[in-house]
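Structural features, examined
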Amino acid sequence: MLYYRLKESDTMLKAGIVGLPNVGKSTLFNAITKKNILAANYPFATIDPNVGVVTVPDARLEFLENIYLPERTIPTTYEFTDIAGLVKGASEGEGLGNKFLSHIREVDAIVEVVRCFDDNDIIHVVGNTDPIRDIEIINTELIMADLEIIQNRLEKIAKKASMSKDPKEVMEYELLKKCEDNLLKNNPLRRMELTNDEKILLKNFAFITLKPIIYMANVNEEDAVIGYNEYTKSVSEYAEKENASVIVMSAKIESELAELSDDDKKQFLTDLGIANSGLDKLIYATYDLLGLATFFTVGKDECRAWTFQKGMKAPQCAGIIHTDFERGFIKAEVMSFDDFKEYGSEIKVKEAGKVRLEGKDYLMKDGDICYFRFNV
């Protein structure tokens, strides 16, 4: 099988970590990326957006590696951008302002870190712990940033749209007006019901409040073991309004985990009574939120995991590896990971009649192991 090398950035999932100053955002970022970013007890400790890449944990890839013993194993990856703490008035230039709002437009999903712990030794930028107030401060700034873009665009196209007979121009104007109305009511755009055509049109604007969001409730160590506290309950109730996920974790525990080997990490979590690390839970939740799944390519040279969007067909997934694979796609030889694990080898899977030849209309499934046949 011929493989092409692909830049990691071409398919990498990107999430932006946002939150008020001193909520544990940079501490979390340091822990999950093992980067030594300044995490100080005052606002704006992070001056420039910091980017870190983590591998996505997948026991299936480890299993395949142990069977094939390849020259290299490449997991799929996840890019986190730590965006400097926003404050009230950021959309108008307060704090570090619009410079950092622009970085959020470049990510696939937003992880909003919310302080859900009391600690007199860590200054709260507003004064006391109130997660809902904090969420609304951040969300209002993001709404204002999107509103500015919409209103500027409406000013440019209003006259033309009123005179135009072009349905696309009329649709754009009417859709942006609908978006403006929602934002003026303090509703993020992700709460709107949109058609596929409307989603395609809005994609060009990279609206922040249209991006899916996960609320990361940062708690103390004791509450992380329990899994909730009164603050996280209120965050969960708020998140239900927009079908958003809430991940409860302790940034302090994640910092301790970052210093341990994989075996010691598992033992540490077992001792605490926690099934998965906060980072693992965050990655799984983001994959679910964005409708993502994983397929594998295997061989003696390389075992690799690839992220794809659920609903993609075989040629599109082949194109993730290289555009030539999609352009010259012929067939995909496919077996499921579950069958591979049950039978223990490719030969036995084939003998059991569990290997399939799939064509251009095949919808890829999570856990598919693929060999793509192509001709260019």
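Anything mentioned here points back to the structure above.
Residues numbered from 1 in each chain as written. Predicted model: local features only at pLDDT ≥ 70, side-chain atom pairs only at ≥ 80, totals over all residues. Heavy atoms only, no water.

**Some details on unusual backbone geometry**
For Asn 22, which is not glycine, the phi torsion reads 65° and is therefore positive. As for its position among the elements, Asn 22 is in the loop between β1 (13-18) and α1 (25-33). Of note, the phi angle at Leu 69 is positive, near 50°, even though the residue is not glycine. Counting through the fold element by element, Leu 69 comes out in the loop between α2 (59-68) and β3 (72-74). Its relative accessible area of 63% is what places Leu 69 among the exposed residues. (Helix = DSSP H or I, 4+ residues; strand = E, 2+ residues; numbered from the N terminus. Buried < 20%, exposed > 50% of the residue type's maximum accessible area, 1.4 Å probe, protein only.)

**Overview of the pairing of strand β10 (residues 329-336)**
Of all eight residues in β10, six are buried; the element is thus mostly enclosed. Here β10 runs beside strand β12 (residues 368-374); their pairing, made up of seven bridges, is antiparallel. Looking at β12, one finds that Phe 329 is bridged to Phe 374. Sheet topology places β10 next to strand β11 (residues 356-358); three bridges connect them, and they run antiparallel. Looking at β11, one finds that Ala 332 is bridged to Glu 358. (Pairing = 2+ DSSP bridges.)

**Observations regarding the state of the cysteines**
Following the criterion strictly, the structure yields zero disulfides and no others. Here Cys 370 stays free of any disulfide, with the sulfur of Cys 317 as its closest cysteine sulfur at 7.3 Å. (Disulfide = S-S within 2.5 Å.)

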